[in-house]
Amino acid sequence: MSGSTPRARAILERAAEGGRISAPDARLLFDETGLIDLGLAADAIRDRLHPERAVTYIVDRNVNYTNLCVTGCSFCAFHRLPGDTEEGYLLSREVLYRKIEETLEMGGTGILLQGGHHPTLPLEWYEDLLASCKDRYPIHVHAFSPPEIRHIVRVSHRPLEEVLARLKKAGLDSIPGGGAEILADGVRQRISPLKGSADEWMGVMDCAHRLGIPTNATMLYGLKETWEHRIDHLNRLRELQDATGGFNAFIPLKFKKENNSMSGLGEVSITEDLRNFAVARIYLDNIPHIKAYWPMTGKQAAQLSLSFGADDLDGTIDDTTR
């Protein structure tokens, strides 16, 4: 190996052979490892976990059922305040069904339903949404990030476990990992103070796993968080996975600067993108898949990430229309 210190090389060799690295080890990898060395180690781990070397993908569609939201995260270019009659929307069932039919016609097998934190929709509305989709179409419904579920809990005044159990019964197949951002409350208070705490996000995932609902996990990076924040984020995911085994995939999400109040931050480099993928693959030794979500990283970085630990491409069908 070249471009890395002896300490870093020893950590990479241990990880490539199946050993678990610590949080201090991960911090050292960010500081003392050459990019190529990091990629080779992550790729070796990917080979060990997925020796067939296939790149998997799901043909699905991301449908945002509403953009009305009371949370107002500073990095969000999507939400509109309740009462916005010009750009705010709540999709009708007819529009949603048409989108599902178009997805099926294109060979799709799944639909991702996410939306803003609508101020008035009760639990029964979400149950009907799920049931109506599952009754009509043979499709996997991947829906409602943890902050959305926490919002449903608050609006409906029902316990978390009851809400998740009822959503599962209505047709919820799995839960996306959105809303994790960085699992550090200091960062969350700065970028999304109304979205809920790190413990609340983790609590939804823990409860979902124990009810038999599989989930993904994400990390939104490039928001002036530290490397320590990112490593602690990965560590929290790994610890929960040790306890429940419910995470199917981890998806690094790159902050995009367009049309939001944090545009002045700029965006991290493709080199940093690849380091994130590689360290995630090395550290998250108990999560089966690392997904590259190309709409946020860009196609070039997503392709390169397949040599830095990623084994799945996400974002095959985009949705930008109402």
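Up top you'll find the structure we're talking about.
Here's what I pulled together on the structure shown here.

1. Observations concerning the sheet that holds strand β1 (residues 56–57)
Here comes step 1: With parallel pairing, 5 strands are arranged side by side in an open sheet as β1-β8-β7-β6-β5. In this open sheet, the two strands that pair with only one neighbour each are β1 and β5 (215–221).
Here comes step 2: In this structure, β1 lies alongside strand β8 (residues 312–314), joined through 2 bridges in parallel fashion. What sits directly across from Thr56, in β8, is Asp312.
Here comes step 3: In this fold helix α9 (residues 198–210) packs onto β5 and β6 (247–254), with an angle of close to 165 degrees to the strand it touches most, β5.

2. Regarding the pattern of salt bridges
Here comes step 1: Going through the model one piece at a time under the given rule, you end up with 24 salt bridges.
Here comes step 2: We note a salt bridge from Asp31 to Arg27, for which the minimum N-O separation is 2.7 Å. Of the two residues, Asp31 and Arg27 are both situated in helix α2 (residues 23–32); the distance of 4 residues between them amounts to about one turn of the helix.
Here comes step 3: Judged by relative accessible area, which is 22%, Arg27 ranks as partly exposed.
Here comes step 4: Two residues, Lys254 and Asp273, come together in a salt bridge whose shortest N-O distance is 3.0 Å.

3. With respect to α9
Here comes step 1: For α9, built from 13 residues, the straight-helix expectation of 18 Å at 1.5 Å per residue is met to within 8% by its first-to-last C-alpha distance of 19 Å.
Here comes step 2: Every buried residue of α9 is listed here: Ala198, Trp201, Met202, Val204, Met205, Cys207, Ala208 and His209.
Here comes step 3: Of the surrounding secondary structure, the elements contacted by the buried residues of α9 are α6 (146–156), α7 (160–170), α8 (185–191), β5, α10 (227–244) and β6.

4. Examining the packing of aromatic side chains
Here comes step 1: Counted according to the given criterion, the structure contains 8 aromatic pairs.
Here comes step 2: Arranged with centres 6.0 Å apart and planes meeting at 90 degrees, the rings of Tyr65 and Phe144 form a pair that is edge-to-face. Pair noted here: Tyr65 is in the loop between β2 (60–64) and α4 (93–105) and Phe144 is in the loop between β4 (140–143) and α6, with a separation of 79 residues, a long-range link. As far as the burial class goes, Tyr65 and Phe144 line up, both buried.

5. Regarding α4
Here comes step 1: In a regular helix each residue adds 1.5 Å, so 13 residues correspond to 18 Å; α4 covers 18 Å between its end C-alpha atoms and thus fits that length.
Here comes step 2: Here α4 has its buried residues at Arg93, Val95, Leu96, Tyr97, Lys99, Ile100 and Thr103.
Here comes step 3: In this structure, the buried residues of α4 make contact with β2, β3 (110–114) and α5 (123–136).
Here comes step 4: Two residues or fewer after α4 comes Gly107, characterised by a positive phi angle close to 90 degrees.

6. Re the nonpolar core
Here comes step 1: Core analysis: the biggest nonpolar cluster contains 91 residues, and Leu113, Phe144, Trp201, Leu237, Phe250 and Ile282 have the highest contact counts within it.
Here comes step 2: Every residue in contact with Phe250, bar those within four places of it in the chain, is listed here: Ala217, Thr218, Met219, His233, Leu234, Leu237, Ala280, Leu284, Ile287, His289, Ile290 and Lys291.

About the thresholds
Residues numbered from 1 in each chain as written. Predicted model: local features only at pLDDT ≥ 70, side-chain atom pairs only at ≥ 80, totals over all residues. Heavy atoms only, no water. Pairing = 2+ DSSP bridges. Helix = DSSP H or I, 4+ residues; strand = E, 2+ residues; numbered from the N terminus. Contact = heavy atoms within 4.5 Å. Axes fitted to C-alpha atoms, helices over the stretch in contact; angles between N-to-C directions. Salt bridge = Lys/Arg side-chain N within 4 Å of Asp/Glu carboxyl O. Buried < 20%, exposed > 50% of the residue type's maximum accessible area, 1.4 Å probe, protein only. Expected span 1.5 Å × (residues − 1). Phe/Tyr/Trp six-rings, centres within 6.5 Å; stacked < 30°, edge-to-face > 60°. Core = buried A, V, L, I, M, F, W, Y, C linked by side-chain atoms within 4.5 Å.

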